[in-house]
Amino acid sequence: MSATTIASLPALAQALPLVEDEIRALATSSTLPALNASAGRVTSAGGKRLRSVLVLSSALALTGEITAEVITAAACVELLHAGSLVHDDLVDGAARRRGVRTVDEEWGTGHAVLVGDFMLVRAGQAALEGISAHAAAKLAAATADLVEGQVLESLELFDAHRDPDSALRSIALKTGALFRVGCVLAAHCAEADEETATRLAEYGAHFGLLFQLLDDLLDLASTAQRLGRPVGEDIRQGVYTFPLLRALTPAQRTLLDERGSALTDAEVADLLAELRTGPLVPETLAYCANLAAQTVEALPALPEGEALGVLRELPAAYLAWATSQLTP
């Protein structure tokens, strides 16, 4: 997503700061300063906010306006995402996230569990109080999907023979569900009909899958300088992703079988270099280009306008951005 995409729709550009304000307010709504400090730092570390953009753009495409309920919906989805990242960092043993120390690294395991829990529950509470019981139920269902996706991934760590379809299912649950629920909440706030809501949800699910596949590819074929984070982390943590599983040669698969968690940084670097000279990048980009087209095709019949244009443009724009971050 580019700044041009946002600037092309003034209502979207004006609404995003309001979402940011609500995220901050929800994250720091505890009566305990220590909890507010931790959750507030997580949400203030930034991020692409693509989930917010989908919620806001969908609402604009459906009704031509962004209501207070839509702002809350976008903030809830982002807060749910942020809380899940606190737990992800804990599971992965990550020391830094977006350039700052993780909650686990800074305050310890117990504190990280509780901070993540607070953010997840607060998102659901805000949806219940600020939108509707239906919205809260949809957010809770997305949370359950997210947990199932993480568990599925955890059960298959360091499995070089992992079924690529299982890897896809995991990210459909982990990442696709959050993009999907954002579109579901936008449709709910707009009182859209069932067919429109279903197709918009499908759009969100496809976009989430596209987003994660490209993120997985960047971890294998970009650089730490471009991404602002180490590359090859999925391999180090034993998360063998869809792009990796499809690109592995028999010799590389044997290496992962035999070395697994014992891989040295030099071995990871050599493996990444080998992968980048093979079919990894072109095959994954071709798969993602097809998925981007499917994402746009899933859109329901909506009034022509700038908001619909943003929804049509986002998949290809994100694919182009990710491609620009790959090593030559």
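Residues numbered from 1 in each chain as written. Predicted model: local features only at pLDDT ≥ 70, side-chain atom pairs only at ≥ 80, totals over all residues. Heavy atoms only, no water.

Turning our eyes to something else, we now look at unusual backbone geometry. Of note, Phe 158 is a non-glycine position whose phi angle comes to about 60°, a positive value. By the element assignment, Phe 158 lies in the loop between α8 (133-155) and α9 (164-189). Accessibility expressed as a relative area gives 31% for Phe 158, which makes it partly exposed. One non-glycine residue, Glu 191, adopts positive backbone phi at about 55°. Here Glu 191 is to be found in the loop between α9 and α10 (194-221). Residue Glu 191 is classed as exposed on the basis of its relative accessible area, which comes to 73%. (Helix = DSSP H or I, 4+ residues; strand = E, 2+ residues; numbered from the N terminus. Buried < 20%, exposed > 50% of the residue type's maximum accessible area, 1.4 Å probe, protein only.)

As a further point, take the nonpolar core. If you look at the biggest cluster of nonpolar residues, it comprises 102 residues, and the most contacted ones within it are Leu 56, Met 119, Leu 139, Tyr 203, Ile 235, Leu 256 and Leu 275. If near-sequence neighbours (up to four positions away) are discounted, Leu 139 is found in contact with Cys 76, Val 77, Leu 80, Ala 123, Gly 124, Ala 127, Val 181 and Leu 185. (Core = buried A, V, L, I, M, F, W, Y, C linked by side-chain atoms within 4.5 Å. Contact = heavy atoms within 4.5 Å.)

All right, on to the state of the cysteines then. Scanning the entire structure with this criterion turns up 0 disulfides. Cys 183 carries a free sulfur, and the closest cysteine sulfur to it, the one in Cys 189, is 12 Å from it. Cysteine Cys 288 is unpaired, with the sulfur of Cys 183 as its nearest cysteine sulfur at 18 Å. (Disulfide = S-S within 2.5 Å.)

The contact between helix α7 (residues 109-130) and α8 brings their axes to 7 Å, and the two run at 155°. By the criterion of interaxial angle, the relationship of α7 to α8 is roughly antiparallel. For the pair formed by α7 and α8, the contact residues are Leu 120, Ala 123, Gly 124, Ala 127 and Leu 128 on the first element and Ala 133, Ala 135, Ala 136, Leu 139 and Thr 143 on the second. Each residue belonging to the contact of α7 with α8 can be placed in one class, and the counts come to 8 nonpolar, 2 polar and no charged. (Axes fitted to C-alpha atoms, helices over the stretch in contact; angles between N-to-C directions. Parallel < 35°, antiparallel > 145°, perpendicular 65-115°, else oblique. Nonpolar A, V, L, I, M, F, W, Y, C, P; charged D, E, K, R; others polar.)

The next subject is the packing of aromatic side chains. Throughout the structure, instances matching the rule amount to 7 aromatic pairs. Ring geometry for Phe 179 against Phe 207: centres 5.6 Å apart, planes inclined by 35°, an arrangement best described as tilted. You can see Phe 179 sitting in helix α9 and its partner Phe 207 sitting in helix α10, a full 28 residues away along the chain. No difference in accessibility class separates Phe 179 from Phe 207, as the two residues are buried. If you follow Arg 51 out to its NZ or CZ, it ends over the ring of Phe 211, 5.4 Å from the centre. (Phe/Tyr/Trp six-rings, centres within 6.5 Å; stacked < 30°, edge-to-face > 60°. Lys NZ or Arg CZ within 6 Å of the ring centre and 35° of its normal.)

In this section: the pattern of salt bridges. The tally for this structure, following the rule as stated, stands at 9 salt bridges. Salt-bridge contacts for Glu 233 lead to Arg 236; the nearest nitrogen and oxygen are separated by 3.0 Å. Linking Glu 233 with Arg 236, this pair stays in helix α12 (residues 233-236), spanning 3 residues, or about one helical turn. Of the residues examined, Arg 236 reaches a relative accessible area of 30% and is grouped as partly exposed. (Salt bridge = Lys/Arg side-chain N within 4 Å of Asp/Glu carboxyl O.)

As a further point, take a nonpolar patch on the surface. Residues Val 147, Val 151 and Leu 155 make up a contiguous nonpolar surface patch of roughly 290 Å² in combined accessible area. Residue position: Val 151 is located in helix α8. Exposure remark for Val 151: the relative accessible area of 43% places this residue in the partly exposed category. (Patch = residues over 30% accessible without salt bridge, like charges linked within 9 Å, V, L, I, M, F, W, Y side chains within 5 Å. Areas by Shrake-Rupley, 256 points an atom, 1.4 Å probe, with all protein chains shown as cover.)

Everything listed here is a matter of geometry and, on its own, says nothing about what the molecule does.
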